[in-house]
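Notes for the structure review
What follows is the residue order along each chain.
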Amino acid sequence: MAALEPLRETTPSRIGPYELLARLGSGGMGEVHLARGPEGTVALKTVRASLAGEPGFRARFRREIAVARSVDSPHIARLTGGDADADPPWLATEHVPGPTLAEAVRLAGPLPAATVLALGAHLVRALHAVHAAPALHRDLKPGNVLLAADGPRLIDFGVARAPDATTLTGTGLMVGTPGFMSPEHLRGGRHVVAASDVFCLASVLCYAATGEDPFGDGPLAAVLHRVSQAKADLSSVPEPLRGILADCLRPDPADRPGTEALTARFGTPREGDFGWPRAIRERIASDRAAAEFAAARGLVAARRNPSAGSAAAPAPSSRRDGDQPPAGYPAVPGRPDARTVALGSAAGVERRGGGLEPADLAGPVPGRPDARTVALGSAAGVARRGGGFEPAGPAGVMAPAAPSAHDLPTMGAPHPGAVQASPPSRPRTAVKVGLAGLAACAVGAAVVFGVYQGTRSDDGDAGKKPEAAASGKAPATGPDGVDEAGGPDRAGTLPAPGDARPAGWHTWSGKLSKGPLGCAADATALVCQLVDGSYEAVGTKDGKPLWRYDPVERPEETGTTAMISPTGLIMIPGGGLPPAVRSGTAVVAAGGRVQARDVASGKVRWEKSPEGGGAFRGEPLVVDGRAFVGVEVSGQGYDLHAYDLSDGRELWHKRLASVQLARAFRQDFAPVAAKDGIVYARSERGVSAYDAATGAERGETEPVAGGCSEILVQGGSVLCGEHGSDHLAVHQFDARTLAPGADTSLKGVTSARGLHITAVNDKAFVGMDTRGPAVVVNDRAGGALTAFRPVPQSPGLGPRLLVSAPLIVGDQVLYASNDALHQLPFGARKVLRTPVEGAPGDRSEPAYDKKNGVDIAKSVRAPIALLVGGVVHIVYDQGAIRSVELPH
């Protein structure tokens, strides 16, 4: 089930016999809502007006309804109603609380062989019922299989048709989803037969068993070529499943077994509780609670206004980051009246976003005790950091955790980003920190802050523009290069810049040719990787273009823009990483080459191609005159390479992981942080520490059962954030030896997967709550969570917080939104919101069909902001740049 969102003002309160409760998402065909009718809760799909007006569409949609109504099986989401002649046309099916198979595999990893066999037993019976109707499904993929507590449900007859009917998408056009098509799909809809569904079923089960797309990763043309030749890789599929799938994946449809024969080979379906892995069971429970909460909200509203035909749609929150905290809640760590604050959930695309703001409730939420709580939020984007429920009103009742986004019927885009599982190991004893039901993920990482041009305080009083620095001030001091996580220690903490700023700097506006994926800067240049895989640099003093580098040699093979595949694979043209900038040198890793370039001119100082190198991993680190890059060595594992920054000499390399892993279990085995002559990397053992000069291993962490979602180096400790389904444990290790130390508890909060720590110093943890939506500050001295701010978030499937990841700068927390800079001073009760003149503000995401993946360039994302001295460079998601002075 997708993350619940408020109904829009233009959305009717009722459609047919159904009362709309919340918005589930949207896609190429239209919108999907959670609704309530005589049969209970349903998923109701409406069609966009532009489609409904096309000649012949209503006839095709009427046939879709008839096909769905003709299929009778307990393994299919049952049709409850539909009207092709209504305005808009709509179709309602049984609501199934639970993740899609695509999301479940990303959440829990490959399923056990016995579970996959049972999954096959259910799905082949669903297909048998479809074919007996008689009909074809034609788009069987992981996103069209929902996992309920008692077993899977096949959904979406959006491209289904009766065998004697004209294809819904037009004669001769390709239907289905790349990677989960049959060879017949590629020849056009007229060639698709029942055996084609069998082929797709085998692809889906291969994915469930291995966590891998059955026909591999890479450009669309390469995947489709492998599909056309039926060249699926079954080497990781266990027996006896491998033999069954091999028969189903034969190139000739006539050679594949039928559904009746397959029912015997898969065995008897399970009855009662299906026995999903724990993480999936917990997700199902979370989705069910969210739906029950939405239904309860509607019932309460209806009781308050008996004359109303339906519950009113909740209005979007008008609160923004600059607003005062709720009464009774202090704004800074250490206040004596601090109280527990509950957190919420939602998801983004490896960044960190958004959801439903329920109306006031008269009583407790179903399944939750009555409590005075306040929900928080978070941020997300593309490899960045984001939102969920925000209870409002005096009752202060806590909302159940919102589920993360998942594939909706044919229209849906997946929630990208797998939970990174660790190898089997002895778990450490964890200090568990509760943060009520948070769901994770996101793509790229926004960091730092915004600027001046009209400061005002929280109470709305207009302030004055911060006094501009007098001319002739000394050049900026502080770090000699920054990226979206602050510095190479990844602690997200920067010194107070004072009045310093780069020599010759003035306020400026600029523009990149494309939107950014990641950026870094020093006092000379700001360098960004763009969505087309290229790199561009502009001067930090005036924004003038300096140079451009395009490593993409064969765009027809690698694509022309960054995408997220239907199963969550992030594909960037050229396979590049975000840049690292330090002391006048930019290091870029893309197109199989590591380059060091002069930041001012773009001149290549040296270039290396790692031996046996395949894809680059993680992000490059540049520190102490050395560059560190993670490389996936084809067919062998993952290596860490160290280069001399001056001439490119390879100083040493180490094997971080010695085996190829299924994608669901892969991590970025790569360098993650560096400080005081030590570089830290993710390895198959956990976290390993190496002498930066020699590569000598200094230590490795004890195994952490849930892996380290965050790794930050602060003071004399390496901090590891371990996220479980219902807890957050912060483990501390000695920074020199990685010997275990005392774990640190975040007091006063409850946690799950959604709280992401972005900054830490000796006083506080700072982070984003992916379900709040909120910025979170926690006093390390033992105080409760004491700072929270509702933040803007994007609409649509997988809503994301539209703020950069907060950092600690001197004695304050800072982050940027698409229109302002936000400052949370420690020790003060007011938050300053400083509008940024010329900032683009939040935008709407254009409507497009996400069936074949998410176009990152079209996604609404948080800004990137880089603090260099006393100046903040903010890069917005469409490539606009504003460079302004940090307000005092």
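Residues numbered from 1 in each chain as written. Predicted model: local features only at pLDDT ≥ 70, side-chain atom pairs only at ≥ 80, totals over all residues. Heavy atoms only, no water.

Focus on the sheet that holds strand 33 (residues 717-723)
One open sheet holds the three strands; their spatial order is 32-33-34, and the pairing between them is antiparallel. Only two strands of the sheet have a single neighbouring strand rather than two, namely strand 32 (710-714) and strand 34 (728-734). Along the sheet, successive strands turn relative to each other by an average axial angle of 25°, direction set aside. (Pairing = 2+ DSSP bridges. Helix = DSSP H or I, 4+ residues; strand = E, 2+ residues; numbered from the N terminus. Axes fitted to C-alpha atoms, helices over the stretch in contact; angles between N-to-C directions.)

Structural notes on unusual backbone geometry
The omega torsion across aspartate 87 and proline 88 is 5°, close enough to zero to call that bond cis. With an omega of 0°, the peptide bond between glutamate 239 and proline 240 qualifies as cis. Among the structural elements, proline 240 can be located in the loop between helix 7 (220-228) and helix 8 (241-248). The backbone phi angle of arginine 138 is positive, close to 75°, even though this residue is not glycine. You can see arginine 138 is positioned in the loop between helix 4 (113-132) and strand 7 (145-148).

Considerations on helix 3 (residues 101-108)
For helix 3, a buried count of seven out of eight residues is recorded, marking the element as mostly surrounded by other parts of the structure. Glycine 109 sits one or two residues past helix 3 and shows a positive phi near 85°. (Buried < 20%, exposed > 50% of the residue type's maximum accessible area, 1.4 Å probe, protein only.)

What to know about the sheet that holds strand 16 (residues 535-539)
In a beta sheet, neighbouring strands pair by backbone hydrogen bonds and run either parallel or antiparallel. Spatially, the five strands line up as an open sheet ordered 11-14-15-16-17, and their pairing is antiparallel. Two strands bound the open sheet, and with one partner strand each, they are strand 11 (482-483) and strand 17 (545-549).

Observations concerning the nonpolar core
Nonpolar side chains in soluble globular proteins tend to be buried together. One finds Leu101, Leu119 and Phe266 to be the most contacted residues of the largest nonpolar core, which totals 55 residues. Looking at this core, the elements that each hand over two or more residues are helix 3, helix 4, strand 7, helix 6 (194-210), helix 7, helix 8, helix 9 (259-266) and helix 10 (278-304). Once residues within four sequence positions are removed from consideration, leucine 101 is found in contact with Leu111, Leu119, Pro142, Val145, Leu147, Val204, Tyr207 and Ala208. Residues Cys519, Cys528, Val809 and Ala816 belong to the second largest nonpolar core, which totals 31 residues. (Core = buried A, V, L, I, M, F, W, Y, C linked by side-chain atoms within 4.5 Å. Contact = heavy atoms within 4.5 Å.)

A closer look at the pairing of strand 29 (residues 678-683)
Judged by how many residues are buried, strand 29 sits mostly within the fold: six of six residues are covered. Judged by which residues are buried, strand 29 turns out to be covered on both faces: Ile678, Tyr680 and Arg682 on one side and Val679, Ala681 and Ser683 on the other are all buried. Alignment of strand 28 (residues 671-675) against strand 29, held across four bridges, turns out to be antiparallel. Pairing of lysine 675 across the sheet is with isoleucine 678, part of strand 29. Hairpin geometry of strand 28 and strand 29 is characterised by an intervening segment of two residues between the two adjacent antiparallel strands and by a positive phi of about 55° at aspartate 676.

A short note on the state of the cysteines
Going through the model one piece at a time under the given rule, you end up with two disulfides. Here cysteine 519 connects covalently by a disulfide to cysteine 528, the sulfurs 2.0 Å from one another. Between cysteine 519 and cysteine 528, the S-S dihedral sits near 110°, and the bridge is therefore right-handed. With relative accessibility at 0%, the residue cysteine 528 sits in the buried group. With its sulfur 2.1 Å from that of its partner, cysteine 708 forms a disulfide with cysteine 720. When the S-S torsion is -95°, as for the bridge of cysteine 708 with cysteine 720, the disulfide is left-handed. Here cysteine 720 lies in strand 33 and cysteine 708 lies in the loop between strand 31 (697-700) and strand 32, a separation of 12 residues in the sequence. For the pair cysteine 708 and cysteine 720, one class covers both residues: buried. Look at the protein and number its bonded cysteines as they come in the sequence; the links are 1-2, 3-4. (Disulfide = S-S within 2.5 Å.)

Observations regarding the pattern of salt bridges
One pass over the structure, following the stated rule, counts 26 salt bridges. Of the charged contacts, one joins aspartate 247 and arginine 250 as a salt bridge, the two residues approaching to 3.0 Å between their closest N and O atoms. Residue aspartate 247 is classed as buried on the basis of its relative accessible area, which comes to 18%. If you follow the salt bridges from partner to partner, you end up with Glu103, Arg283 and Asp287 in one network. (Salt bridge = Lys/Arg side-chain N within 4 Å of Asp/Glu carboxyl O.)

Focus on the packing of helix 3 against helix 6
Packing of helix 3 against helix 6 leaves a shortest axis separation of 9 Å and a crossing angle of 15°. Of the possible angle classes, the one that applies to helix 3 and helix 6 is roughly parallel. Like other packed secondary-structure pairs, helix 3 and helix 6 cross with a definite hand, here left-handed. Residues Leu101, Ala102, Val105 and Arg106 of helix 3 lie in contact with helix 6, whose contacting residues are Val204, Tyr207 and Ala208. (Parallel < 35°, antiparallel > 145°, perpendicular 65-115°, else oblique. Left-handed = near helix turned anticlockwise from the far one by under 90°.)

Focus: the packing of aromatic side chains
In the structure shown here, the tally under the stated rule is 10 aromatic pairs. Residues tyrosine 535 and tyrosine 549 carry aromatic rings whose centres are separated by 6.1 Å and whose planes lie at 20° to one another, so their mutual orientation is stacked. Of this pair, tyrosine 535 sits in strand 16 while tyrosine 549 sits in strand 17, and the two are 14 residues apart along the sequence. For the residue pair tyrosine 535 and tyrosine 549, the accessibility class agrees, reading buried in each case. For the ring pair tryptophan 606 and tyrosine 643, a centre distance of 5.6 Å and an interplane angle of 35° mean the geometry is tilted. A residue pair is termed long-range when its members are at least 10 positions apart, and tryptophan 606 in strand 23 (residues 604-608) and tyrosine 643 in strand 26 (residues 637-644) qualify at 37 residues. Note on tryptophan 606: relative accessible area 5%, which makes it buried. (Phe/Tyr/Trp six-rings, centres within 6.5 Å; stacked < 30°, edge-to-face > 60°.)

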